[in-house]
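Structural description and commentary
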Amino acid sequence: GDRDLSVEFFWKYAPTFGLGYAPREELGRLYRKLPRMFLMEDGIVRKVWDDAPPTSNELESVIP
């Protein structure tokens, strides 16, 4: 949801991965179909995959 929930999640669960957050009104747009994977760079979504993780060939084509 929002930044406060992201901070709360971080301190409660101590994830070993980076966390992001989005306004609630955006979440419906982002999570229409699951599973959904995102490639993010500097907080910007560069690529989205639906249904299955990207193959190594797909990743090689988008990650320099």
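Just above sits the structure.
How each quantity is defined
Residues numbered from 1 in each chain as written. Predicted model: local features only at pLDDT ≥ 70, side-chain atom pairs only at ≥ 80, totals over all residues. Heavy atoms only, no water. Helix = DSSP H or I, 4+ residues; strand = E, 2+ residues; numbered from the N terminus. Contact = heavy atoms within 4.5 Å. Areas by Shrake-Rupley, 256 points an atom, 1.4 Å probe, with all protein chains shown as cover. Pairing = 2+ DSSP bridges. Patch = residues over 30% accessible without salt bridge, like charges linked within 9 Å, V, L, I, M, F, W, Y side chains within 5 Å. Salt bridge = Lys/Arg side-chain N within 4 Å of Asp/Glu carboxyl O. Buried < 20%, exposed > 50% of the residue type's maximum accessible area, 1.4 Å probe, protein only.

Assigned secondary structure in the protein consists of three helices and two strands. Sequence-ordered secondary structure for the protein, helices as α and strands as β, is α-α-β-β-α. Excluding contacts between residues fewer than 6 apart, the proportion of contacts in the protein whose partners are at least 24 apart in sequence is 4%. For the protein, the exposed surface amounts to about 5600 Å²; the carbon and sulfur share of it is 54%.

In this sheet, strand β2 (residues 44-50) lies alongside strand β1 (residues 36-41) in antiparallel orientation, the contact comprising six bridges. Within β2, the position partnered with Glu-41 by the bridge is Ile-44.

Residues Val-7, Phe-9, Phe-10, Trp-11, Tyr-13, Phe-17 and Leu-19 make up a contiguous nonpolar surface patch of about 750 Å² in total accessible area. Structurally, Val-7 can be placed in helix α1 (residues 3-13).

Relative to the helices and strands, Ser-6 is located in helix α1. Sequence-distant contacts of Ser-6, that is, excluding residues within four places in its chain, are made with Leu-19, Gly-20 and Tyr-21.

Let us look at the pattern of salt bridges. The final tally for this structure, using the stated rule, is one salt bridge. For Arg-46, the salt bridge goes to Glu-41, with nearest N and O atoms at 3.3 Å. The class of Arg-46 is partly exposed, set by a relative accessible area of 46%.

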